[in-house]
Protein chains: 2
Amino acid sequence: MIHPLAAAIDLGGTNTALGLVDRKGKILARKNLDTTAFHTVIDFVEVIGQDLEDLYGPYRKNYTLSGIGVGAPNGNYYKGTIENAPNLPWKGIVPLADWLRKKTAQPVYLTNDANAAALGEKLFGAARDLNDFIFITLGTGLGSGFFCHGQLIHGHSGFAGELGHVIVMPHGRSCGCGRRGCLEQYCSGPGLIQTYLDIHKSEGRNTGLQPLSAKEIYEKALAGDETAFYAFQYTAELLGLALANAAAITNPEAIFLSGGLTEAGELLMNPLVISFENNLLNILQGKTSIEFSKLPVNDAALLGAASLVWEKN
Amino acid sequence: MIHPLAAAIDLGGTNTALGLVDRKGKILARKNLDTTAFHTVIDFVEVIGQDLEDLYGPYRKNYTLSGIGVGAPNGNYYKGTIENAPNLPWKGIVPLADWLRKKTAQPVYLTNDANAAALGEKLFGAARDLNDFIFITLGTGLGSGFFCHGQLIHGHSGFAGELGHVIVMPHGRSCGCGRRGCLEQYCSGPGLIQTYLDIHKSEGRNTGLQPLSAKEIYEKALAGDETAFYAFQYTAELLGLALANAAAITNPEAIFLSGGLTEAGELLMNPLVISFENNLLNILQGKTSIEFSKLPVNDAALLGAASLVWEKN
């Protein structure tokens, strides 16, 4: 018997992951590429097309490809384009779905990477039985996907779910989008690091500080460093307010957190839940849970991209 | 030929409007009641039931009732209840739809007043051809309804669309919901008045100021009063930021404004559009219009309540 198979592409600013995913969410094969190595999208499509072909080879006998799903920053679901993504090497409006379709002769479904991951959580993760939820990725940026009445909200022009670009600090930190004070400048890996540095500076201790990773700040916090602990506290408090405000709009049953920063576990979750409940409208209090995603961090993006195919087939 | 007819109830803190509305949105009959005169919901249901019967009398020959639609503060669409509405005389959870159903033997559809008005704009107003829009009422509070993919978003527990209770000023003005800094404490009739008084105070001119209405502040602004003008400017700037943030989440095609404060026209709209575009994510700029509702202020709430019936029949 021949089984259906989805090709999945998770396109990121530095790394691109390819994979083959079956209907149950099992990743049969995968490969990673350096996105920055491709100076033009044409080069990228050529290599990706060939790599998918190579990955598919051993499975051709028992599986048939149903299509290609792509999660990409600033991906437009309706047009299959990537539009002015600040973190990608290719500028302007890139018709990636069209070009991939021409190269591979497969149907191609493309959307924002966080929207794809939200769909993955719905099909394969903790949101399986939920119709109304918010999905958040906390990584180098803050991405989000909103499910309402069982549907992923794409919006009028395909750009719904940009919670990372809600302005929480007018005149605050500069954002890659050209504005100031966007949520993702505070609630993300780089945001946490900047907060840690800012607290250091405000304490007059801005000398001799080595560049730190979010993981190192996490380890410092666990080891009792108060500045590191407070950096997580501050991040969680701002995120709690932003999520409470988002919940006032869409009234979700649950909010799922994914991405590298969630590896901080309780250090992030405990103050987050307190801030969220404190800032939540009374008629919603105690009715909205915040949980970590049930999908493995390394698989979520690929499963999300594959879900774009399974949603349609 | 017998035509279908919807009974509509717009329940407000001070005034309740009843009406009979046909399928084309024509209001055939209406009546107003003083909500505060009813000490219990049972009294209210008794009188309302009789009044609807009386209104319906002359139309009985040519029309048949399809149901009763109710727009009410803190109305829960799924349960037909009004839950802890701070501005109503009846406290706790009030099963209004059930009681009205028992009294009238009609199907009863109940939701939040602003959600109902959003539905009215979709069925009879400027949003007829739109699938993704936000509807805002600026009156004694700030209400909102969100349409995504052609559907009114009710949320998991029936309380979606509470944009008035997004916190825009942590530690800001006290709100009837028990928290501080909610948008409706700034962007509403009373919010405008408070802003006007605050500016006066900050200028050291807090003596001898008579209580003012929003309309009087509007007239002062037109007459050249800088404080009044700036009060509108401030209201519009905050609202523009909140709407830009909401647009980042649901990516609407248009935002419609309704309610008493919209009678200020350009005095509100001009600075609002500037603030909105300045705060809008670049990929959404120039793609989202802000317009006044096309429904008459006095009819919008009744048409909205009737739409709850027409949506189901």
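Criteria and cut-off values
- Residues numbered from 1 in each chain as written.
- Chains lettered and ligands numbered in written order.
- Predicted model: local features only at pLDDT ≥ 70, side-chain atom pairs only at ≥ 80, totals over all residues.
- Heavy atoms only, no water.
- Contact = heavy atoms within 4.5 Å.
- Buried area = accessible area lost by both parts, 1.4 Å probe.
- Salt bridge = Lys/Arg side-chain N within 4 Å of Asp/Glu carboxyl O.
- Polar contact = N/O pair within 3.5 Å; in protein donor to acceptor, adjacent residues only side chain to side chain.
- Helix = DSSP H or I, 4+ residues; strand = E, 2+ residues; numbered from the N terminus.
- Axes fitted to C-alpha atoms, helices over the stretch in contact; angles between N-to-C directions.
- Parallel < 35°, antiparallel > 145°, perpendicular 65-115°, else oblique.
- Left-handed = near helix turned anticlockwise from the far one by under 90°.
- Nonpolar A, V, L, I, M, F, W, Y, C, P; charged D, E, K, R; others polar.
- Buried < 20%, exposed > 50% of the residue type's maximum accessible area, 1.4 Å probe, protein only.
- Phe/Tyr/Trp six-rings, centres within 6.5 Å; stacked < 30°, edge-to-face > 60°.
- Least-squares fit on C-alpha atoms with pLDDT ≥ 70 in both.
- Expected span 1.5 Å × (residues − 1).

Enquirer: Before we move on, can you summarise the interface of chain B and chain A with the specific residues and values?
Expert: By convention, interface size is frequently given as the accessible area that disappears when the constituent parts associate. In this assembly, 43 residues from chain B lie in contact with 43 residues from chain A. When chain B packs against chain A, close to 3600 Å² is buried across both sides, 59% of that on carbon and sulfur atoms. Seen at the junction of chain B and chain A, the total is 0 salt bridges. Our enumeration of links across chain B and chain A arrives at 23 residue pairs in polar contact (both at pLDDT 80 or more). Only β10 (142-148), β11 (151-152), α6 (226-250) and α7 (266-279) of chain B provide two or more residues apiece to the side of chain B that touches chain A. Ranked by residue count, the leading element in the side of chain B that touches chain A is α6 of chain B, at 6 residues.

Enquirer: Could you give me a rundown of the packing of helix α1 (residues 41-56) of chain B against helix α2 (residues 96-104) of chain B, with the residues and numbers involved?
Expert: Residue and element names in this part refer to chain B. Across the interface, α1 lies against α2 with an axial gap of 10 Å and an inter-helix angle of 45°. By the angle between their axes, α1 is oblique relative to α2. As for the relative orientation of α1 and α2, their crossing is right-handed in sense. Between α1, through V41, I42, F44, V45, E46, I48, G49 and Q50, and α2, the contact on the second element is made entirely by L96, W99, L100, K103 and T104. Among the residues making up the contact of α1 with α2, the classes are represented as 8 nonpolar, 3 polar and 2 charged.

Enquirer: So what's going on with the pattern of salt bridges? Which residues, and what values?
Expert: Residues and elements named next belong to chain B. Using the criterion set out here, one finds 16 salt bridges over all chains in the structure. A salt bridge links K103 to E46; its shortest N-O distance comes to 3.1 Å. One end of the pair, K103, is in helix α2; the other, E46, is in helix α1, with 57 residues separating them in the sequence. The class for K103 is partly exposed, based on a relative accessible area of 34%. The exposure class assigned to E46 is partly exposed, which follows from its relative accessible area of 43%. Its salt-bridge partner being D198, residue R173 comes within 3.1 Å of it at the nearest N-O pair. Pair noted here: R173 is in the loop between β11 and α4 (189-202) and D198 is in helix α4, with a separation of 25 residues, a long-range link. Judged by relative accessible area, R173 falls into the buried class, the value being 16%.

Enquirer: So, the side chain of N76 of chain A: which residues are in play, and what are the values?
Expert: Residue and element names in this part refer to chain A. If you trace the backbone, N76 turns up in strand β5 (residues 75-76). Here the side chain of N76 touches E83 through a polar contact of 3.3 Å, side chain to side chain. A polar side-chain atom of N76 sits 2.8 Å from the main-chain carbonyl oxygen of S157. Here N76 is in contact with T81, E83, L110, S157, G158 and F159, once residues within four sequence places are set aside.

Enquirer: Run through unusual backbone geometry, naming residues and quoting values.
Expert: All names here are of chain A. The phi angle at H171 is positive, at roughly 65°, despite the residue not being glycine. Considering the arrangement of structural elements, one finds H171 in the loop between β11 (151-152) and α4 (189-202). Within the chain, N251 stands out as a residue other than glycine whose phi angle is a positive 50°. Counting through the fold element by element, N251 comes out in the loop between α6 (226-250) and β12 (254-258).

Enquirer: A description of the packing of aromatic side chains should follow, citing residues and the corresponding values.
Expert: A complete count under the given rule lists 14 aromatic pairs over all chains for this structure. On the numbers, 4.6 Å between centres and 15° between planes, the contact of F133 of chain B with F147 of chain B is stacked. Highlighted residues: F133 of chain B in strand β9 (residues 133-138) and F147 of chain B in strand β10, separated in sequence by 14 residues. Taking relative accessible area as the criterion, F133 of chain B reaches 0% and is therefore assigned buried. A residue is classified by how much of its surface remains accessible, and F147 of chain B, at 3% relative accessible area, is buried. What links up through ring pairs into an aromatic cluster is the set F38, F44 and W90 of chain A.

Enquirer: Describe the relation of the copies chain B and chain A, and please don't skip the residues or the numbers.
Expert: Note on the identical chains: chain B maps onto chain A by a rotation of 180° and an axial translation of 0.0 Å, with an RMSD of 0.0 Å. Seen this way, the second copy is the image of the first under a two-fold rotation axis. The share of interface residues of chain B whose copies in chain A are also at the interface is 100%, consistent with both copies meeting through the same surface.

Enquirer: Give a detailed account of helix α8 (residues 297-310) of chain A, specifying residues and quantitative values.
Expert: Residues and elements named next belong to chain A. The terminal C-alpha atoms of α8 lie 20 Å apart, and with 14 residues this matches the ideal 20 Å at 1.5 Å per residue to within 8%. In terms of burial, α8 is a largely internal element, 11 of the 14 residues being buried. By the burial criterion, the buried members of α8 are D299, A300, L302, L303, G304, A305, A306, S307, L308, V309 and W310.

So, to be careful, I would describe these as geometric facts and stop short of saying anything about function.
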